[in-house]
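# Structural characterization, general
Take a look at the letters that make up each chain.
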Amino acid sequence: MSADGVWPGQRGVPSVELAFGLPHVVSPGEAARLLRAAGLTELTECALRTRAYRKQVPFHLNGRRIVFTLADLREIAEGDGYEKLKLAAHKGLKGLKVAPFYGCQILRPSKIMGFDDPDKPASLERIIEACGGEAIDYPAKIKCCGFPIIQAREDTALGELIQPVEQAMEAGADVMVTPCPLCHLSLDAWQQKLEASTGRTFDMPVLHLAQLVGVAAGLEESELKFKRHIVDPRPALQKLEV
């Protein structure tokens, strides 16, 4: 943790908590999420951070005192969070076709997570539609993004990565969205590797879930950090109907 009480990975996180009117930031970090679900909070640095989050450690972001809590899809896909999401998404995503990408870990292992169907999930679709967008269906939305093996077996990893990107394009998606930070990195940054290996142009924008909700809630572009993307999502977002 830095002197100002912010984990390095959290700098630049869109302030979606402000759009909700709640003093919370949610983190869908995969390792911490799974550790929490499995009840393991003493084993690793990530686990120790999970324990801290569960105590609701105060942080400061953008000059506002907030509470950082660990969360997953269910926080805004059902219950009170879902109702607050619909209210917060006042700008909406009308006119935007969004391809959800779950990847291989968000809902697995299902016996531990106990949320949504890992083979036929619908939580991201609910969030997209609550924000006013059109959810695009395609088979590879539950496959691996290739991140775990990119260093050891790049060809195999790119073989995994091309499937969701290609299928989302063929299904007519304007953008993809994922709640997993590592999937976001893989889908966005490694399209250049795909283009180099295939000779094709993909140019498929990929948003993190927090960014998608932020767009629907009318947050400023400076909050959403689109300049940091490899594939610029701003041209696709011009399709939004005001």
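As a starting point, this report considers the structure included with it. (Residues numbered from 1 in each chain as written. Predicted model: local features only at pLDDT ≥ 70, side-chain atom pairs only at ≥ 80, totals over all residues. Heavy atoms only, no water.)

## Some details on the pattern of salt bridges
How we decide: By definition here, a salt bridge exists when the distance from a side-chain nitrogen of Lys or Arg to a carboxyl oxygen of Asp or Glu is within 4 Å. Every helix listed is a DSSP run of H or I at least four residues long, and every strand listed is a run of E at least two residues long, numbered separately from the N terminus. The buried label goes to any residue with under 20% of its type's maximum accessible area, the exposed label to any with over 50%, and the partly exposed label to all in between, with areas taken from a 1.4 Å probe on protein chains only.
Counted according to the given criterion, the structure contains nine salt bridges. One salt bridge connects Lys-193 with Glu-154, and the closest N-O pair in it is separated by 3.5 Å. Of this pair, Lys-193 sits in helix α10 (residues 191-198) while Glu-154 sits in helix α8 (residues 154-170), and the two are 39 residues apart along the sequence. You can call Lys-193 partly exposed: its relative accessible area is 31%.

## With respect to the sheet that holds strand β4 (residues 97-100)
What counts here: Two strands are said to pair when DSSP picks up at least two bridges between them.
Here four strands make up an open sheet; going across it, the order is β5-β4-β6-β7 and the pairing parallel. Both edges of this open sheet fall to β5 (134-135) and β7 (206-208), since each of them pairs with a single strand only. As judged from the three bridges shared by β4 and strand β6 (residues 175-178), these two strands associate in the parallel manner. Bridge pairing in β6 places Ala-99 opposite Met-176.

## Section: the packing of α8 against α10
A packed helix pair is summarised by two numbers, namely the angle formed by the two axes and the spacing between the axes. Rule in force here: Here the axes come from fitting lines to C-alpha atoms, over the contacting stretch only for helices, and the angles between their N-to-C directions go from 0 to 180 degrees. An angle below 35 degrees is treated as roughly parallel, one above 145 as roughly antiparallel, one from 65 to 115 as roughly perpendicular, and anything else as oblique. Here, two residues are considered to be in contact whenever any of their heavy atoms come within 4.5 Å of each other.
At their nearest, the axes of α8 and α10 sit 10 Å apart, and the two run at 105° to each other. The angle between the axes of α8 and α10 places the two elements in the roughly perpendicular class. Across the interface between the two elements, Glu-154, Leu-158, Leu-161, Ile-162 and Val-165 from α8 touch Gln-191, Lys-193, Leu-194, Ser-197 and Thr-198 from α10.

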